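An overview of the molecular structure
If you want the building blocks of each chain, they are given just below.
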Amino acid sequence: MIFPGINNQRQPRIDLVQLGAVLVLMLISIAFVYSATMSNDSTSGLAWYRQSYFRQMVWFTLGLGAAGVVCVIDYHALSRWAFVGYWVAILFLVAVLIPHVGSMRYGARRWVDLGGFQFQPSEFAKLAFIMAQAHFLSRPVDELRQRRIFWKAIGLMLLPFLLIMKEPDLGSGLVLLPTGLAMLLAAGTPKRYLLQLISIVGILAGLFLADVLYAPPKYRLKMQEYQKSRLLVYFNRNYADYAGPDASEAERKKMREQQFNDSLNVRQALIAAGSGGLTGKGWRNGQQNALGFLPQAGKHNDFIFSVIAEEKGFFGSVIVITLYSVILFTGIRIAGQARDRLGKLLAVGVVTLLFSHVFINIGMNIRIMPVTGVPLPLLSYGGSSVLGSLIAIGMLQNVHIYRKAY
Amino acid sequence: MLIFDQLKKDDPQLRFLAVMVFGGMVVLLAGLWWVQVVSAGYYQDKLETQSLRSVRIPAVRGKILDRDGRPLAENRPSYNINLYLEDLSAKFQAAYATALTQTRKGLAFQMAAQEKRLNRELTKQEKKQFAVTLKIKNDLQEQTHYEVSSNIVADVGARLEQNIPLAQKDFQRHYDKARAIPLPVLANLNSTQVARFEEQSIHTPGMDMDIQSLRYYPNNTTAAHLLGYLARNNDSSEGEPAEYNYRMDDYTGLTGIEKLLDKELRGTAGAKSVLVNNLGYRQRETVWSPAEPGQNVVLTIDLDIQKASEVALQEAQANARGAVVVMDARNGDVLAMASNPTYDPNFFAERHDPATSAKMWEYLNDKNLRPQWNRAMQENYAPGSIFKIVVGLAALEQGLNPEETFHSLGYFPMPGRKPIGDTAGAGDFNFSRALAKSSNPYFITQALKPGMLPKIISVGQRLHLGERTGLLPRQETPGHFPSLNDVAASSWRDGDTANFSIGQGPIVVTPLQMAVMIAAVANGGKVFQPRLLTRIEPYGATEAAQSFPEGQLRDTLGVSARSLRIVREAMLADVESPEGTGHAAAIPGWRIAGKTGTAEVERNGKKDRSAKNTWFVSFAPVENPRYVVVATVEGGASGGLTCAPIAHKVYLAIQQREQQRDKKAPKPETLAQMR
């Protein structure tokens, strides 16, 4: 084992700038999980150790520990176990679909119950996929010119993607696509393969959307009702058009009500962010938050950004975006300084994954992305998300620690 | 710099990634800028519309006071019990959860029973009919909300020993439309109920008592016609924003002073905003403009004289229909204006059960009694003999020698027509005796003298007969008085002149007009604009009160002091001499001058005895006239028998009132107990 500290004495072992941004985001997370949950009558009465903000602190502690462990073991050593981790993750993703193993929440099987605490295998599957993909693609560039290798890499991506989509968890599945594509690109896969792939995916996605949004009812793909309605809300479609040609007035009315309710969360998140204005209403003073207009179940996890945007305004939003930018660009710098292609691919994977989460989640708050249920890394409440994000950061730092010695 | 270093990387793939990430972050920032900075106002408005409800708070209505500041109309606290739905939301949820579980169980049980009966498992389609549908859930919610609320209401009702009805329909309407404001459950608690509620129910969840101001007329029927009454009306006044989510009960004046000065009395409504949560329940309230109480109105009315006039009128005969006007002869101030039958204006401010309400409205709309009619101003009465005062003044001005005797036949022969009757009888009459005994032939003879008719018209016009005084809106008739053109027309015959000169035929007047007339005779010819309003006192002492000047002259009578003196002396004789028709009005201590009148009224071409107008017009004390009392009763026996006793009682009350004032120890209640 090489001890990099010996080689580059003057350089810090870890990327302190990135670590600083991570720590600030964690503090923000605790403050606003507190704000989001303490304004709620049904949850503010709980004992302190059962409060979300306290649990979030516990998760952060655990996550920092896990990240520390991931940091110290050389990523080369870790990557030897990449495929083991990958198949274990696949196993969990299959298990979660089995009725008595995976538990149902909000109409989707996303959680595995492990004696008292539940975890979301998809969060870890994303990381396992990055590890496996990086390991697979770190072979010599010449081999990547072979179609067989290319399609294997695609397969590696599609397997967890389809399993997650089956849960169903559209958002978590979708973030795998840009991550996989970015890693393929960074690995040096010929551009024409990628262009072919992107056009195929693009055409498929286009057909899919056209089918859902515009096709006559009997030709439409079967989707989960809530996923369909999220897409319809996003594309501003009129529900009543989907009631069928011989629907009664009452049915149409019901569809319109349904539309109102479905678009409610998006609308309320927008009102929260918009009414925050430039400077916000102050911590714990958000009306949308306190009066319960923001979705009760989601405001401390998927919709945490709207609480921040309402209470801290555009300034708060800029700070959050800046902190994420610091993490992402230090990540890209780490990728550039990586010792080898494995390290670079790992870093690219993690950066793309984090970026996809941030973009989809914040984009959803300002209605440039559909509501897909993607957590905001480090800010959203939730054990699996926090652990996953911190382990991902640990992987980045790992690549940094064992970087090239200049 | 960190970001630009990455953007300038020489590794094309990483550079591409950096550009993508940079672009993504810029898109997010631009989007956030658009939402949070450019459209911030739009979203703040949206936030307000969904979480703020504005409520209009009516102002406390100004008081109406008598000339000494005693209240004729004021406000009293009305205690109401309200149900605060937001405090019940936890109970609602609990009850709904229980009910939902029970329904689920019930449906599952039914399904099991069905399966047992069919001896097979039901198909998916068949199972659907046992599912808990959205409609079942909605119905359950409505049902449980109502049950929780009505249980609490029934509970409070039991403690207050009053059955409080709460209809599900009303409850649901309030829940759907006005969830942010409390649901009024019981209004106008009596003092026992207030005490009971304070003692036992103060901690009942969701129940609380509030106090609202309710219009109150402490003297009930007194001056009802003058004061007018209110009707529920929540409309905004001028200059007030009309956009409110909710409005609390407000009132507007429909008649009388309440109508005339509605704007001043009503004050300025305030507004509060109620912050609601996502379920529409109230969270907290902010009053952003407090209501500004209305202004107080001070009338010229004297409460004691007003009450005495009403009592005297009511005692004149059973179901007396008539009016009394008391006026200050020196300045035209209306001291009392009574009209009977009357009503209690409190009726309109309170809520009643339908039976009471229907009965009251039947009375109010009675065609014969017409209690809503202000007979002192609103009714056309033939003046009868009291008009002889005007004819007498005109004759004296035309050079009539008051001592010259005239022999009366006891009737006046009209060529080609039925003779005009007389109650004074045959005999010799000078002016004084003719006026006191009300000799028809004497005055008809005078009126038929050349040049007399235009003079009578001129005196009448200076008294502004046939014109409104403008004292109160929608409560006044101008009466009728012929013009010079009318009497010069070829259709005008001597018979008309004869009728006219004894106050019949083409002349109708109001008691108020007669009071102005008598005041002019008493005060030496000043025809006053009658005054009812003394001043309007703004709430708070920041602004000066708006005063209405007293003694506004409308005209002068234009007759000599001598003529007036002769008429006054004749009127004095009418009361003073035992054979005078108005002798019943006399009181010890004051010399009263008066004139009785009894006008026949023809209805459908026949004499209608029940519609006969009986009058007594008077002023006192003769030496220094201060008070004018005019009384009229429809269908009375005669002016002397029916109306003079009314004036008698009124003068007694006035005397008592003056003595009280002299003692400077007003005991306002003593006269009120005259009945």
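Conventions used here
Residues numbered from 1 in each chain as written. Chains lettered and ligands numbered in written order. Predicted model: local features only at pLDDT ≥ 70, side-chain atom pairs only at ≥ 80, totals over all residues. Heavy atoms only, no water. Helix = DSSP H or I, 4+ residues; strand = E, 2+ residues; numbered from the N terminus. Buried < 20%, exposed > 50% of the residue type's maximum accessible area, 1.4 Å probe, protein only. Areas by Shrake-Rupley, 256 points an atom, 1.4 Å probe, with all protein chains shown as cover. pLDDT = per-residue confidence, 0-100. Contact = heavy atoms within 4.5 Å. Pairing = 2+ DSSP bridges. Axes fitted to C-alpha atoms, helices over the stretch in contact; angles between N-to-C directions. Buried area = accessible area lost by both parts, 1.4 Å probe. Salt bridge = Lys/Arg side-chain N within 4 Å of Asp/Glu carboxyl O. Parallel < 35°, antiparallel > 145°, perpendicular 65-115°, else oblique. Left-handed = near helix turned anticlockwise from the far one by under 90°. Nonpolar A, V, L, I, M, F, W, Y, C, P; charged D, E, K, R; others polar. Core = buried A, V, L, I, M, F, W, Y, C linked by side-chain atoms within 4.5 Å. Domains from an automatic or database assignment. Phe/Tyr/Trp six-rings, centres within 6.5 Å; stacked < 30°, edge-to-face > 60°. Lys NZ or Arg CZ within 6 Å of the ring centre and 35° of its normal.

Helix and strand counts for chain A stand at 16 helices and 3 strands. Counting over 406 residues, chain A shows a buried share of 55%. Of the roughly 17600 Å² of accessible surface on chain A, 65% is carried by carbon and sulfur atoms.

Residues and elements named next belong to chain A. Scored by pLDDT, chain A has a mean of 83; 83% of the residues are at 70 or more. Confidence scores differ between elements of chain A, with helix H1 (residues 4–7) showing the lowest mean pLDDT of 47 and helix H15 (residues 341–365) the highest of 93. In the model, residues 1–9 has pLDDT below 50 throughout and makes 8 contacts with residues more than four positions away in sequence or in other chains.

Bringing the sheet that holds strand E24 (residues 627–634) of chain B into the picture now. Residues and elements named next belong to chain B. The antiparallel open sheet is built from 5 strands, whose spatial order is E13-E12-E24-E23-E20. Strands at the two margins of the open sheet, each flanked by one partner only, are strand E13 (334–340) and strand E20 (593–599). Ignoring strand direction, the axes of neighbouring strands in this sheet form an average angle of 5°. Running at roughly 75° to E20, helix H22 (residues 561–576) makes contact with E20 and strand E23 (613–620) of the sheet.

At the junction of the two partners, chain B supplies 36 residues and chain A supplies 47 residues. Between chain B and chain A lies a buried interface of about 3600 Å² when both sides are counted; carbon and sulfur atoms form 78% of it. The largest per-residue losses of area from chain B upon contact with chain A belong to Met25, Leu28 and Gln36 of chain B, which jointly make up 18% of the total buried on that side. In this assembly, chain B and chain A are joined by 1 salt bridge. In this structure, the salt-bridge partner of Asp11 of chain B is Lys344 of chain A, at a minimum N-O distance of 2.6 Å.

It is worth spelling out the pattern of salt bridges at this point. Residues and elements named next belong to chain B. Tallied over the full model, the rule gives 35 salt bridges over all chains. In this structure, Glu161 and Arg196 form a salt bridge, with 3.6 Å as the shortest nitrogen-oxygen distance. Pair noted here: Glu161 is in the loop between helix H6 (134–160) and helix H7 (168–177) and Arg196 is in helix H8 (residues 191–201), with a separation of 35 residues, a long-range link. On the basis of relative accessible area, Glu161 is assigned to the exposed category, the value being 62%. A salt bridge links Glu258 to Arg215; the nearest nitrogen and oxygen atoms lie 2.9 Å apart. Of this pair, Glu258 sits in helix H10 (residues 256–260) while Arg215 is found in strand E5 (residues 207–216), placing the two residues 43 residues apart along the sequence. One continuous salt-bridge network, built from bridges that share partners, spans Asp66, Asp68, Arg70, Asp302, Asp304 and Arg657.

Turning to unusual backbone geometry, a few remarks are in order. Here the residue pair Asn340 of chain B and Pro341 of chain B is connected by a cis peptide bond, since its omega of -5° sits within 30 degrees of zero. Relative to the helices and strands, Pro341 of chain B is located in the loop between E13 and helix H13 (346–349). Along the chain, Ala620 of chain B connects to Pro621 of chain B via a cis peptide bond; the corresponding omega equals -20°. Relative to the helices and strands, Pro621 of chain B resides in the loop between E23 and E24. Of note in the backbone geometry, Arg367 of chain A takes a positive phi value of approximately 65° without being a glycine. Structurally, Arg367 of chain A is set in the loop between H15 and helix H16 (383–401). Assessed through its relative accessible area of 27%, Arg367 of chain A is described here as partly exposed. The backbone of Leu378 of chain A sits at a positive phi, close to 75°, despite the residue not being glycine. Here Leu378 of chain A shows up in the loop between H15 and H16.

Residue and element names in this part refer to chain A. With respect to the helices, strands and loops of the structure, Leu396 is situated in helix H16. By relative accessible area, Leu396 is classed as buried at 1%. Distance in space between the C-alpha atoms of Leu396 and Leu376 is 18 Å, their sequence separation being 20 residues. The contact partners of Leu396, leaving out residues within four places of it in the chain, are Gln18, Gly331, Ile334, Ala347, Val350 and Val351.

Residues and elements named next belong to chain B. When strand E2 (residues 64–65) meets strand E11 (residues 296–299), the two strands line up parallel, connected through 2 bridges. Counted as the bridge partner of Leu65 is Val298 from E11. Inspection of the sheet shows E11 paired to strand E17 (residues 533–537) by 4 bridges, in the antiparallel sense. Within the sheet, the bridge partner assigned to Asn296 lies in E17 and is Glu537.

The subject of this paragraph is the packing of helix H9 (residues 170–187) of chain A against helix H10 (residues 191–214) of chain A. Residues and elements named next belong to chain A. It is at 10 Å that the axes of H9 and H10 come closest, and there the two elements cross at 165°. For the element pair H9 / H10, the angle class is roughly antiparallel. H10 is crossed by H9, and the crossing has left-handed handedness. Contacts between H9 and H10 pair Leu181, Leu184 and Leu185 from the former with Leu194, Leu197 and Ile198 from the latter. Looking at the contact of H9 with H10 residue by residue, the classes come out as 6 nonpolar, no polar and no charged.

Another aspect to go through is the nonpolar core. Counting 119 residues, the largest nonpolar core has Leu137, Leu379 and Met395 of chain A together with Val21 and Met25 of chain B as the members making the most contacts within it. Per element, the largest residue contribution to this core is 16 residues, and it comes from helix H14 (residues 304–337) of chain A. Setting aside residues no more than four positions away along its own chain, Met395 of chain A makes contact with Val70, Leu127, Ile130, Met131, Leu346 and Val350 of chain A. Phe387, Phe406, Val516 and Val521 of chain B belong to the second largest nonpolar core, which has 89 residues in total.

What follows deals with the sheet that holds strand E1 (residues 52–57) of chain B. Residues and elements named next belong to chain B. Spatially, the 4 strands line up as an open sheet ordered E7-E1-E9-E10, and their pairing is mixed. Edge strands, defined here as strands with exactly one partner in the open sheet, are strand E7 (246–247) and strand E10 (282–289). For E1 and E7, the ladder comprises 2 bridges, and the chain directions are parallel. Residue Arg56 lies in a different strand from E7, and its bridge partner there is Arg247. Docked against the sheet, helix H3 (residues 40–51) engages E1 and strand E9 (270–276), running at close to 60° with respect to E1.

This part is about the domain arrangement of chain B. Domains assigned within chain B are domain 1 (1–35), domain 2 (54–299) and domain 3 (303–341 + 374–672). Using C-alpha coordinates to define each centre, domain 1 of chain B is positioned 101 Å away from domain 3 of chain B.

Time to look at the packing of aromatic side chains. For the structure on display, the rule yields 27 aromatic pairs over all chains. Centroid distance Phe481 of chain B to Phe500 of chain B: 5.7 Å. Interplanar angle 55°. Geometry classified as tilted. One end of the pair, Phe481 of chain B, is in the loop between helix H18 (452–462) and helix H19 (484–488); the other, Phe500 of chain B, is in helix H20 (residues 494–501), and 19 residues separate them in sequence. Summarising the burial analysis for this pair, Phe481 of chain B and Phe500 of chain B share the class buried. Site record: aromatic cluster; members linked through ring pairs are Tyr229, Tyr343, Phe347, Phe348 and Trp361 of chain B. Across from the ring centre of Phe136 of chain A, 4.3 Å away, lies the NZ or CZ of Arg139 of chain A, which sits over that ring. In this structure, Arg370 of chain B packs its charged tip against the face of Trp373 of chain B, placed 5.1 Å from the ring centre.

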